[in-house]
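# Summary of structural features
Each chain is listed here by its residues.
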Amino acid sequence: MLPRETIPAGPVNLRPPLDADMDAVARACADPEIARFIPLVPVPYTRADALFWKNKLAEQAWAEDGADFVMADPATDEPQGVIGVKPPDRFGNVEVGYWVAPWARGKGIATAATRAISAWRFAQGAQRLDLLTDIENLGSQKVAMASGFVREGIRRGAAGRRDGSRCDMVAFARLAADSGDPIRPYLPDFPGGELTDGVIRLVRLAPADTDDYHRMMDDPEVMAHHVPPGRPGYADIALRCRNAGYRWLAAEQAEITIRDAATGAFAGDIQLSHVIPALGEAMTGYSLLPEYRGRGYVTRAVVLLVEWVFAHTAIHRVIAGTTPTNTASHRVLERAGFIREGVAKELLPGPDGTRLDDVRWVRMRS
């Protein structure tokens, strides 16, 4: 059995739960964000539920070589959240889990606690720690990376949601032999959540953009240059919007809405995709709703995005590909400082099994 002790963790102490903590635990677990990402949390959550967790579930964890701790404020001893390690699985792997109370978020508590409990559990003999997060829970994914956990991939449909649906989980792990150094995102967030030049705003794609994105993808002009050809269905677009945050954090693709700065209305989208850290290269592409064409919005968006890339990432080359007949896109790239680099013959899949040439453009950091 693991020792029941207090673990200092900087802004919090990790200690076994007390009866006196249960009102705060019940108040925290009434938070919609906790209920959203931890579907086993009862709704509504009461003091009786908190006591059941402490006296039954936590005790069972301790008895089976797991541990549940309250994150307590070092000065007041008030609960700030809960963190624990599950009993080892049949391979000896141990899973870490946590939640932070609404009144304690934004202070680095989860990261400090996760780093501390990881060091403690490794000292108790664990060789591998797993950490699973809902694919839409970006805060938890950032905690995992800041705590030295390496992203290993997606476990498809690995968890249930409160409505009975299944969701993907992002799998992270840390080995006892790992350095534990924080893992910084290759693509950081926009400063303040957006880029703007006063005429347009660039903001990360979000679930609320699904209808506008779907309308844009129904436009024949957009679809004429879409790769691969064919209109995506509404469900695929909804999934794309929900998972945009994960793809950004994983440096798979930064998908960004172009918005009118004055009204906030969705005007189109621009992406940073095909990110290759080893080469310091990424690709951009863009689309616009018909009513916003002819205003220079796409050129502004490309300039804003590329300048952010060179100022805040290690990317050296931003490339773009166009069909030979897409002269409007050629003009956008020329105005944004790109130069024509060459033609890749029959690179792009076209409609009805055809192949199209790809005119390649590049803008470099220099």
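Our subject in this report is the structure included herewith.

Definitions and cut-offs
Residues numbered from 1 in each chain as written. Predicted model: local features only at pLDDT ≥ 70, side-chain atom pairs only at ≥ 80, totals over all residues. Heavy atoms only, no water. Helix = DSSP H or I, 4+ residues; strand = E, 2+ residues; numbered from the N terminus. Contact = heavy atoms within 4.5 Å. Axes fitted to C-alpha atoms, helices over the stretch in contact; angles between N-to-C directions. Parallel < 35°, antiparallel > 145°, perpendicular 65-115°, else oblique. Left-handed = near helix turned anticlockwise from the far one by under 90°. Nonpolar A, V, L, I, M, F, W, Y, C, P; charged D, E, K, R; others polar. Pairing = 2+ DSSP bridges. Buried < 20%, exposed > 50% of the residue type's maximum accessible area, 1.4 Å probe, protein only. Phe/Tyr/Trp six-rings, centres within 6.5 Å; stacked < 30°, edge-to-face > 60°. Lys NZ or Arg CZ within 6 Å of the ring centre and 35° of its normal. Polar contact = N/O pair within 3.5 Å; in protein donor to acceptor, adjacent residues only side chain to side chain. Salt bridge = Lys/Arg side-chain N within 4 Å of Asp/Glu carboxyl O.

### Details of the environment of Ile315
- Tracing the sequence through the fold places Ile315 in the loop between helix 10 (297-312) and strand 14 (317-322).
- Residues Ile315 and Gly280, 35 residues apart in the sequence, show an inter-C-alpha distance of 4.2 Å.
- Those residues in contact with Ile315, other than ones at most four positions away along the chain, are Tyr186, Leu187, Leu272, Gly280, Glu281, Ala282, Val309, Phe310 and Arg365.

### Overview of the packing of helix 6 (residues 210-217) against helix 8 (residues 234-242)
- It is the contact of helix 6 with helix 8, at a shortest axis distance of 9 Å, that shows an interaxial angle of 130°. One finds that helix 6 runs oblique with respect to helix 8. Our pair here, helix 6 against helix 8, has a crossing hand that is right-handed. Taking contact as the criterion, the partners of Thr210, Asp211, Tyr213, His214 and Met217 in helix 6 are, on helix 8, Tyr234, Ile237, Ala238, Arg240 and Cys241.
- Residues that form the contact of helix 6 with helix 8 fall into these classes: six nonpolar, two polar and two charged.

### Structural notes on the sheet that holds strand 8 (residues 166-175)
- Taken in spatial order, the eight strands line up as 1-2-3-4-5-6-8-7 in an open sheet, and their pairing is mixed. Looking at strand neighbours, the two that pair on one side only are strand 1 (7-9) and strand 7 (150-160), the edges of this open sheet. Strand after strand, the sheet turns through a mean of 25° between neighbouring axes, direction not considered.
- Pairing analysis gives three bridges linking strand 1 to strand 2 (residues 12-15), with the strands arranged antiparallel. In the sheet register, Pro8 faces strand 2, and the bridge partner there is Asn13.

### Points about the environment of Tyr186
- Note that Tyr186 resides in the loop between strand 8 and strand 9 (194-196).
- Judged by its relative accessible area of 21%, Tyr186 falls in the partly exposed class.
- Among residues more than four places away in sequence, those in contact with Tyr186 are Ala251, Val275, Pro277, Gly280, Thr313, Ala314 and Ile315.

### A word on unusual backbone geometry
- Note the cis peptide between Val43 and Pro44, where omega equals 0°.
- One can find Pro44 in the loop between helix 2 (32-37) and helix 3 (47-63).
- Residue Asp352 is not a glycine yet carries a positive backbone phi of 55°.

### As for the pairing of strand 15 (residues 339-349)
- Across seven bridges, the pairing between strand 15 and strand 16 (residues 355-364) is antiparallel. Looking across to strand 16, one finds that Leu348 is bridged to Leu356.
- Two successive antiparallel strands, strand 15 and strand 16, enclose a turn made up of five residues, where Asp352 displays a positive phi of approximately 55°.

### A few points about the sheet that holds strand 11 (residues 254-260)
- If you trace the eight strands from one edge of the open sheet to the other, you get 9-10-11-12-13-14-16-15, paired in mixed fashion. Both outer strands of the open sheet, strand 9 and strand 15, are each paired with one neighbouring strand and no more. The average angle at which neighbouring strand axes cross in this sheet is 25°, direction not considered.
- In the sheet, strand 9 pairs with strand 10 (residues 200-204) via three bridges, with the strands oriented antiparallel. Within strand 10, the position partnered with Glu194 by the bridge is Val203.
- This element, helix 11 (residues 327-335), spans strand 13 (281-288), strand 14 and strand 16 of the sheet and lies at about 160° to strand 14.

### Here's the deal with the packing of aromatic side chains
- A full pass over the atoms with the stated rule returns six aromatic pairs.
- Note on Trp62 and Phe69: the rings are 5.4 Å apart at their centroids and 75° apart in plane angle, and the pair reads as edge-to-face. Across this residue pair, the class does not change: Trp62 and Phe69 are buried.
- With a centroid separation of 4.9 Å and an interplanar angle of 90°, the aromatic rings of Phe190 and Trp308 are classed as edge-to-face. Of this pair, Phe190 sits in the loop between strand 8 and strand 9 while Trp308 sits in helix 10; the two residues are 118 residues apart in sequence, bridging distant segments of the chain.
- A connected cluster of aromatic rings, assembled from ring pairs, spans Trp62, Phe69 and Trp120.
- A cation over a ring is seen here: Arg27 above Trp103, with NZ or CZ 4.1 Å from the ring centre.

### Here we look at the environment of Asp89
- Tracing the backbone shows Asp89 in the loop between strand 4 (79-85) and strand 5 (94-100).
- Distance in space between the C-alpha atoms of Asp89 and Gly296 is 57 Å, their sequence separation being 207 residues.
- Reaching out from Asp89, the side chain makes a polar contact with the backbone nitrogen of Phe91 at a distance of 2.8 Å.

### Overview of the pattern of salt bridges
- Enumeration over the complete set of coordinates arrives at 27 salt bridges.
- Here Glu136 makes a salt bridge to Arg161, at a shortest N to O gap of 3.2 Å. Placement of Glu136 in the loop between strand 6 (128-134) and helix 5 (138-146) and of Arg161 in the loop between strand 7 and strand 8 is noted, with a sequence separation of 25 residues between them.
- You can call Arg161 partly exposed: its relative accessible area is 24%.

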